[in-house]
Amino acid sequence: MWDDAFPSFLIGLREGLEAGLVVSVLVATLVRAGARSRLPQVWTGVLAAIALSMSFGAVLTFTAASLSTTAQEAFGGALSIVAVAFVTAMVFWMRRSARSLASELKEKVTEALTMGAGVLVLTSFLAVGREGLETALFLWTTARAAHESAGPLTGAGAGLVLAGFLCWGLYRRVLRIDLTRFFTVTGAVLVVIAAGVLGYGLRDLQEGTVLPGGTAYAFDLSGSVDAGSWYGTLLQGVLNLTPAMTWLQVAGYAGYLAVVMALFVRGGRGGRGTPGNLSRVTAGASAGRPASAAPTRTRRLLLAAVVAVPALLAGLVVALADPRPAAGETVAVSDTDCGQGFTAPEPGRRDFRMHNTGNQTSEVYLIDPSSNAVYGEIEGLAPGTTRDLVATVAGGTYAWRCVAADGRAVTSKAVRVGGAARAHAVVPVSARDLTGPLKAYKAYVNRGLAALVTQTGKLSDDIRAGHLDTARTDWLTAHRTYASLGAAYGTFEDFDQKIDGRPDGLPDGVHDKDFTGFHRIEYGLWHGESAAGLEDVAQRLADDAAGLRKAFPHQDFDPSDLPLRAHEILENTLQFELTGDTDQGSGTGLATAEANLAGTRELLTVLKPLLTPRAPTLLPTVDADSARLRKLLDSGHHGAGWTPVDRLDPAAKARIDGAAGQLLEDLSPVPDLLEIRKSA
């Protein structure tokens with residue numbers, strides 16, 4: 001989690017220290033002036049600034065949650081760019097203003113003492129609010145980049161707590177820190193981190209179709225670099241460097257780093273304050289420095305911009321991200337003539353009213369006739385009915401293809417839409433395309449079933465010999481082997497219920513005669529049943545495993561099941577193993593979940609040749625998600641044992657569920673991308 005936490009830790013420490021120094025100067029000035037009674041006004045302003053910052057973070061979160069996936073990418077990317085801009089401004093502002101910060105604030109406090117309480121509240125609010133809003137914005141972008149809130153929130157919390165202790169130590173004069181050097185070093189590190197956030201934001205804008213070049217990769221090392229390795233996780237978590245990056249990402253990252261770092265280093269040569277000057281000023285005891293002309297108006301404008309710019313962006317994205325599709329013409333569909341009334345549409349989101357004038361139910365596709373790529377589709381348009389098909393039209397060639405129930409396909413005349421940009425389309429997959437992956441996966445299952453036969457035979461021998469401790473170990477080995485074959489469950493017919501069935505719904509529950517297989521043996525092994533009582537059920541499991549191995553090569557395996565299983569295996573894992581629903585006493589739900597994850601990864605491996613050209617960034621993202629989930633599951637593995645799901649720490653359970661949910665979300669496009677379409 002540290003790889004995700006470090007950027008937020010640094011921003012929390014730095015912004016917290018800035019805000020803490022401000023508060024320390026305000027408090028010290030009031031104490032020195034004998035105005036302790038005015039301290040509640042300072043704390044009121046500070047608390048108001050904290051409340052505003054938290055509300056700002058909530059607005060960003062709920063705004064993003066209400067948008068479509070594409071709009072979320074655009075919204076997040078835009079805010080990442082804004083965050084980089086403000087963090088950059090903060091780094092340079094602190095470097096330039098550190099020496100005059102204390103005198104500026106003390107001048108403001110002195111003026112406020114002669115005025116009403118509201119002025120002092122406003123002074124502390126404005127002084128702290130800027131840092132709080134910057135923290136909220138940067139934390140939101142880093143949390144989104146990490147796909148999990150625990151790491152960034154933990155890092156930011158640790159940074160703020162440490163900043164609080166440092167400010168207290170400086171105020172009480174028990175610490176002496178060269179803060180000039182501190183802000184210089186952390187500023188340089190933040191410039192590097194901000195470069196990564198900029199690259200991530202540009203990628204989001206590409207995925208949100210705001211910027212072009214989403215498939216123009218400067219490099220793609222996903223085939224040779226493990227995104228889930230410690231170094232891959234570190235580079236992605238801290239620097240937002242991924243195995244595959246587009247030219248725009250690389251240019252933005254390198255250009256920002258070269259220009260901003262050069263300016264930062266150059267600015268540092270122009271002069272430095274006395275080492276430790278801020279630490280002495282914070283104590284507030286020696287206030288002899290002349291007040292400098294502070295850029296009050298500039299800071300207030302920056303504060304207003306931090307609030308106004310993201311709010312404006314949120315409003316624009318909500319208003320424009322999913323505009324109502326422009327009304328389009330009615331297009332006639334039939335088994336003899338497809339696309340009557342279709343003319344070249346204007347670019348943008350279009351609503352085509354598809355009316356079936358024939359006498360057969362048809363599948364309707366808006367395609368690029370040169371590649372058969374699909375822009376939009378309607379399944380099962382019945383005769384005499386009308387349904388809307390919404391699609392985004394950009395530069396390219398378009399035609400309608402209608403496939404009637406009898407299999408006859410009719411394609412309309414193609415039309416050309418001008419423009420440089422191209423709309424997103426999915427290259428269709430045929431049953432023939434899935435032949436190779438299906439063959440490879442069946443070979444994997446055959447190898448797994450061969451191992452299963454050996455392992456269940458050994459389990460039966462253990463129980464027959466009365467070696468129940470060994471049987472518990474061998475039971476888990478065999479069960480994990482079976483769990484890793486998840487994509488083939490639909491072809492196992494009655495064998496799956498015999499081998500891995502649960503007692504749910506059986507009249508006598510765990511004691512029902514029809515409760516057999518792994519879970520029946522699990523119940524007996526972990527509930528004190530004798531070896532003699534389990535001998536028959538163990539032998540039956542071994543026989544069923546052998547029967548399945550013999551039957552599998554002759555069972556029907558629908559190739560369209562492969563893309564579906566990529567998502568369904570982990571759906572079942574989240575529903576059953578990660579809730580403890582399948583646990584019959586062994587407490588090994590995490591181990592089974594890990595085997596399910598391994599089975600999913602094997603399935604994605606055979607589907608990679610089809611997925612990579614259709615969604616180049618999907619598998620690297622899924623690989624990183626899988627590595628995170630596997631690491632979390634492994635944390636429950638202690639020697640030969642596993643932590644039962646119901647005994648997990650709530651925070652650990654939440655992290656596992658969150659990682660599994662994120663992986664499911666990132667896997668969700670697979671069935672649509674590899675759906676067998678009749679348009680091919």
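Computed from a predicted structure; not experimentally measured.

Structural notes on the state of the cysteines
Taken as a whole and assessed by the stated rule, the structure comprises 1 disulfide. Across the disulfide from Cys 338 sits Cys 402; the S-S distance is 1.9 Å. On the sign convention where negative is left-handed, the bridge of Cys 338 and Cys 402, at about 65 degrees about the S-S bond, is right-handed. With a gap of 64 residues between them, Cys 338 in strand β4 (residues 338-340) and Cys 402 in strand β9 (residues 396-404) connect regions that are remote in the sequence. With respect to burial, Cys 338 and Cys 402 carry one shared label: buried.

Overview of helix α15 (residues 531-551)
Since the α-helix packs 3.6 residues into each turn, any two residues three or four apart lie on the same face. The end-to-end C-alpha separation of α15 is 30 Å, in line with the 30 Å expected for 21 residues at 1.5 Å each. Those residues of α15 hidden inside the fold are in contact with α11 (435-464), α12 (468-483), α13 (495-500) and α14 (518-525).

Thoughts on the pairing of strand β7 (residues 373-381)
Inspection of the sheet shows strand β6 (residues 362-368) paired to β7 by 6 bridges, in the antiparallel sense. For Leu 366, the partnering residue across the bridge sits in β7 and is Gly 376.

Quick notes on a nonpolar patch on the surface
Among the surface-exposed residues, Leu 47, Ile 50 and Met 54 lie close enough to one another that they form a single nonpolar patch of about 330 Å² accessible area. Positionally, Met 54 belongs in helix α2 (residues 39-65).

So, the packing of helix α18 (residues 618-634) against helix α19 (residues 650-667)
At a closest axis distance of 9 Å, the pairing of α18 and α19 adopts a crossing angle of 160 degrees. Overall, the two elements α18 and α19 adopt an arrangement that is roughly antiparallel. Taken as a pair, α18 and α19 cross one another with a handedness that is left-handed. Between α18, through Leu 618, Thr 621, Val 622, Asp 625, Ser 626, Arg 628, Leu 629, Leu 632 and Leu 633, and α19, the contact on the second element is made entirely by Arg 655, Ile 656, Ala 659, Ala 660, Gln 662, Leu 663, Asp 666 and Leu 667. Split by residue class, the contact of α18 with α19 holds 10 nonpolar, 3 polar and 4 charged.

Section: the pattern of salt bridges
Per the stated rule, a full pass over the model turns up 13 salt bridges. Here Lys 458 makes a salt bridge to Asp 462, at a shortest N to O gap of 3.8 Å. Separated by 4 residues within a single helix, Lys 458 and Asp 462 lie in helix α11, roughly one turn from each other. Glu 529 is the partner of Arg 520 in a salt bridge, and the nearest nitrogen-oxygen pair spans 3.2 Å. Several salt bridges share partner residues, and in doing so they unite Lys 458, Asp 462 and Asp 474 into one network.

A word on the environment of Leu 190
You can see Leu 190 is positioned in helix α6 (residues 179-207). Assessed through its relative accessible area of 0%, Leu 190 is described here as buried. For the pair formed by Leu 190 and Val 84, sequence separation is 106 residues and the distance between their alpha carbons is 9.6 Å.

Brief notes about the side chain of Thr 481
By the secondary structure assignment, Thr 481 is in helix α12. Overall, the relative accessible area of 14% leaves Thr 481 in the buried class. In this structure the side chain of Thr 481 is engaged in a polar contact, spanning 3.1 Å, whose partner is the backbone oxygen of Thr 477. With sequence-adjacent residues up to four places away left out, Thr 481 is seen in contact with Gly 448, Ala 451, Leu 452 and Gln 455.

The rules behind these values
- Residues numbered from 1 in each chain as written.
- Predicted model: local features only at pLDDT ≥ 70, side-chain atom pairs only at ≥ 80, totals over all residues.
- Heavy atoms only, no water.
- Disulfide = S-S within 2.5 Å.
- Helix = DSSP H or I, 4+ residues; strand = E, 2+ residues; numbered from the N terminus.
- Buried < 20%, exposed > 50% of the residue type's maximum accessible area, 1.4 Å probe, protein only.
- Expected span 1.5 Å × (residues − 1).
- Contact = heavy atoms within 4.5 Å.
- Pairing = 2+ DSSP bridges.
- Patch = residues over 30% accessible without salt bridge, like charges linked within 9 Å, V, L, I, M, F, W, Y side chains within 5 Å.
- Areas by Shrake-Rupley, 256 points an atom, 1.4 Å probe, with all protein chains shown as cover.
- Salt bridge = Lys/Arg side-chain N within 4 Å of Asp/Glu carboxyl O.
- Axes fitted to C-alpha atoms, helices over the stretch in contact; angles between N-to-C directions.
- Parallel < 35°, antiparallel > 145°, perpendicular 65-115°, else oblique.
- Left-handed = near helix turned anticlockwise from the far one by under 90°.
- Nonpolar A, V, L, I, M, F, W, Y, C, P; charged D, E, K, R; others polar.
- Polar contact = N/O pair within 3.5 Å; in protein donor to acceptor, adjacent residues only side chain to side chain.

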